[in-house]
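Coordinates in review
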Amino acid sequence: MKSLLLSWFIILAVNLSAAGGGSNRGTFLSRGGYIIRSEDIKIENYIAQYDYDYPLPEQGALNVITGTGIKDDNAYIHIGLKGRKLPFAELPPLNISFCIDRSGSMTGVMPWVKDCFYIFIDRVRDGDTVSLVDMNTDAQTLIAPTRIRSPGDRTRFKRQVDRIMADGGTDVYAGMVQSYKELEKRYNPEYVHRVVILTDGMHNFGGKINKDILDLATAYNKKGMTISTVMLGINAATGLMVDVAIKGGGSSRFISDHDEMVTIFQTELDRMLVPAARDLHMRLVLADGLVFKDTWGYEHSVEGNTIQYYLPTLHNGDYETLFAEVSFKSPDRQNAAALFYLDYLELNTSPRTLGPYTISFDSPPVEGAHIADRRVREIEGILYFSRELIDIAGKTAKISSLERELYHYANPSAQRDDVVQQILVELRQNLAIAESLQDYLSGISDSLGGTKYEKELEILHNYAQTFTSVYKEYTKHAE
């Protein structure tokens, strides 16, 4: 056995200090040869990233879409929500505090930040109120709340942003506090009050911990002032910022490249800023013939056969997905149905109740066939993909551990050869999972018209290339 250079492969399982963030982020990580850690793979993020062609509501603040499916020994319940889509000109008045992270780690994406703001300030309407805050080791207000009335107002904001330079650490808490203060100066219950924070999410300065940041977002959400987070760059630490948006009643976006950033700010600004409904309390009640196994979709609690879900905000034209995995108590599927209830507040705080929606398993499974419901079929593919990514991540972590073990043995030695063989076994298994999963997703995609899972299939393709390259390196040095 010849000497091996091992350190380059360990990078596959290093701590990236960031959550996986879904297939968009996973695609860019996999292109660099990274394998996402199991603890960073949040199944709900992967399920929630697509809208599954939910139709807009014909009336009211939102639409509820339900479906079911059966696959092998598992059954699935799907609930989709779609917020109404008001034209931008008809949205309520906006009071926006735009907070820019100007810490040193933002140097590479600062041109994106400035482009983001240019698009934003050109899209807000005359009469909307905007303030500008920046943060690094502390936070300051660059422009106090200003009602936009002319092109000159927009130019003043742009010139101020142009002068921002990146340096120092990041105190996210300080930036949020300063931005909320600016919102409070122009608080009006008829307005939408929103902090928009552009950051790489790396809170590393000041005395506040993540819990303090989340508590702050929760407290201001209760006051009617919410926060959206925009995370920029492949190294963005998405975990905290996603949680801030959830607790703060806003939305979160991970932006991996400049073109995607332009698209989001030009076409999806209302989805980031304006609610269609607030304070959504949902209840899924399973009949006695169903056994609960697992569920995905935002905050939830389970008591017996009842699952309670909570969503702070459903945004204008936005979508959310709940997915539950169950099984049948008996083969004849007697009493196998569910009821879904939804209570929420409209923008004027009027309470509304929808449901109950009866969800039943009408289509019998066909052995070897796809799930009949097209949306459930697609989501089950995402669920299976996410679970297999976790399996791959676990095996990759084992490979990294085995590589570290190699340093304890002489080269050549029988012990070292044994460890190398164990590494090769794990690599073969990972490669087999990736290739099998590619076939599985491709089959579902073909059944849905051949346009699904583009990012997921790229991740698997990149994984397979990485594992193949590493496997060849080990076998090339073996004699």
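No experiment lies behind these values; they were computed from the predicted model shown. (Residues numbered from 1 in each chain as written. Predicted model: local features only at pLDDT ≥ 70, side-chain atom pairs only at ≥ 80, totals over all residues. Heavy atoms only, no water.)

Time to look at the overall build of the chain. The helix and strand inventory of the chain stands at 13 helices and 15 strands. A compact globule built from 479 residues would reach a C-alpha radius of gyration of about 23 Å, and the chain, at 25 Å, matches this within 12%. By its C-alpha atoms, the chain is 75 × 60 × 40 Å across when sized along the principal axes. The buried share of the chain, reckoned over its 479 residues, is 53%. Once local pairs closer than 6 in sequence are excluded, the contacts in the chain between residues at least 24 apart make up 75%. Side-chain charges of the chain comprise 50 positive and 63 negative groups, with the mean position of each set lying 5 Å from the other. (Helix = DSSP H or I, 4+ residues; strand = E, 2+ residues; numbered from the N terminus. Rg over C-alpha atoms; globule rule 2.2 N^0.38 Å. Buried < 20%, exposed > 50% of the residue type's maximum accessible area, 1.4 Å probe, protein only. Contact = heavy atoms within 4.5 Å. Lys, Arg positive; Asp, Glu negative; His and termini not counted. Charge placed at Lys NZ, Arg CZ, Asp CG, Glu CD.)

Sheet architecture is open: 5 strands sit in the order β11-β12-β9-β14-β15, paired in antiparallel fashion. Every other strand in the sheet has two partners, leaving β11 (299–303) and β15 (351–360) as the edge strands with one partner each. Each strand of the sheet is rotated relative to its neighbour by a mean of 15°, with strand direction disregarded. (Pairing = 2+ DSSP bridges. Axes fitted to C-alpha atoms, helices over the stretch in contact; angles between N-to-C directions.)

By the definition in use, this model includes 13 aromatic pairs. Geometrically, the ring pair formed by F117 and F120 is tilted, given 5.8 Å between the ring centres and 45° between the ring planes. Note that F117 and F120 are positioned in helix α4 (residues 110–123) at a spacing of 3 residues, about one turn of the helix. With respect to burial, F117 and F120 carry one shared label: buried. Between F328 and F361, the ring centres sit 5.2 Å apart and the planes meet at 85°, which makes this aromatic pair edge-to-face. With F328 in strand β13 (residues 319–328) and F361 in the loop between β15 and α11 (374–406), this residue pair connects regions lying 33 residues apart in the sequence. Grouped by ring-pair contacts, the aromatic residues F98, F117, F120 and F157 constitute a single cluster. Taking the ring centre of F88 as reference, the NZ or CZ of R125 above it sits at 5.5 Å. (Phe/Tyr/Trp six-rings, centres within 6.5 Å; stacked < 30°, edge-to-face > 60°. Lys NZ or Arg CZ within 6 Å of the ring centre and 35° of its normal.)

On average, residues of the chain carry a pLDDT of 88, and 93% of them reach 70 or more. Residue range residues 1–20 is modelled with pLDDT below 50. Its contacts to residues more than four positions away, or to other chains, number 63 contacts. (pLDDT = per-residue confidence, 0-100.)

On to the pattern of salt bridges. One pass over the structure, following the stated rule, counts 20 salt bridges. A salt bridge links D126 to R154, with the nearest nitrogen and oxygen atoms 3.1 Å apart. Of this pair, D126 sits in the loop between α4 and β4 (129–135) while R154 is found in helix α5 (residues 151–162), placing the two residues 28 residues apart along the sequence. The exposure class assigned to R154 is buried, which follows from its relative accessible area of 12%. Salt bridges sharing partners connect three or more residues here, namely R37, E39 and D40. (Salt bridge = Lys/Arg side-chain N within 4 Å of Asp/Glu carboxyl O.)

With that settled, the discussion passes to the sheet that holds strand β6 (residues 192–199). Spatially, the 6 strands line up as an open sheet ordered β5-β4-β3-β6-β7-β8, and their pairing is mixed. Single-partner strands in this sheet number two, and they are β5 (139–147) and β8 (252–255). The mean angle between the axes of side-by-side strands here comes to 15°, regardless of whether they run parallel or antiparallel. By the bridge criterion, 7 bridges tie strand β3 (residues 94–101) to β6 in an arrangement that is parallel.

Let's shift gears to the pairing of β3. Burial analysis of β3 places 8 of its 8 residues in the buried class, which makes it a mostly covered element. Residue alternation in β3 divides its side chains into two sets, L94, I96, F98 and I100 and N95, S97, C99 and D101, and both sets are buried. Traced from β3 through α4 to β4, the parallel crossover comes out right-handed. (Right-handed = clockwise from strand over helix to strand, strands pointing away.)

Our focus in this paragraph is the side chain of N74. Mapped onto the secondary structure, N74 falls in strand β2 (residues 74–83). Given the relative accessible area of 18%, N74 is considered buried. Within the structure, the side chain of N74 is placed 2.4 Å from the side chain of K293, a separation counted as a polar contact. What N74 contacts, discounting residues up to four positions off in sequence, is G69, K293, E325 and V326. (Polar contact = N/O pair within 3.5 Å; in protein donor to acceptor, adjacent residues only side chain to side chain.)

Right, let's get into helix α2 (residues 23–31). Most of α2 sits out of view: 8 of its 9 residues are buried. Of the residues making up α2, those classed as buried are S23, N24, R25, G26, T27, F28, L29 and S30. Downstream of α2 by a residue or two, G33 has a phi angle that is positive, lying close to 85°.

Now for the packing of α4 against α5. Relative placement of two packed helices is described by the angle separating their axes and the distance separating the axes. Running from N to C, α4 and α5 point in directions that differ by 170°, and their axes come no closer than 10 Å. Classified by the interaxial angle, the pair formed by α4 and α5 is roughly antiparallel. Residue-level inspection shows K114, F117, Y118, I121 and D122 of α4 in contact with α5, the latter providing R154, F157, K158, R159, V161 and D162. The residue makeup of the contact of α4 with α5, split by class, is 5 nonpolar, no polar and 6 charged. (Parallel < 35°, antiparallel > 145°, perpendicular 65-115°, else oblique. Nonpolar A, V, L, I, M, F, W, Y, C, P; charged D, E, K, R; others polar.)

On to the environment of D122. Residue placement: D122 occurs in helix α4. For D122, a relative accessible area of 45% corresponds to the partly exposed category. Non-local contacts of D122, meaning those with residues more than four positions away in its chain, are made with R154 and K158. Of note is the side chain of D122, whose polar atom sits 3.0 Å from the side chain of K158.

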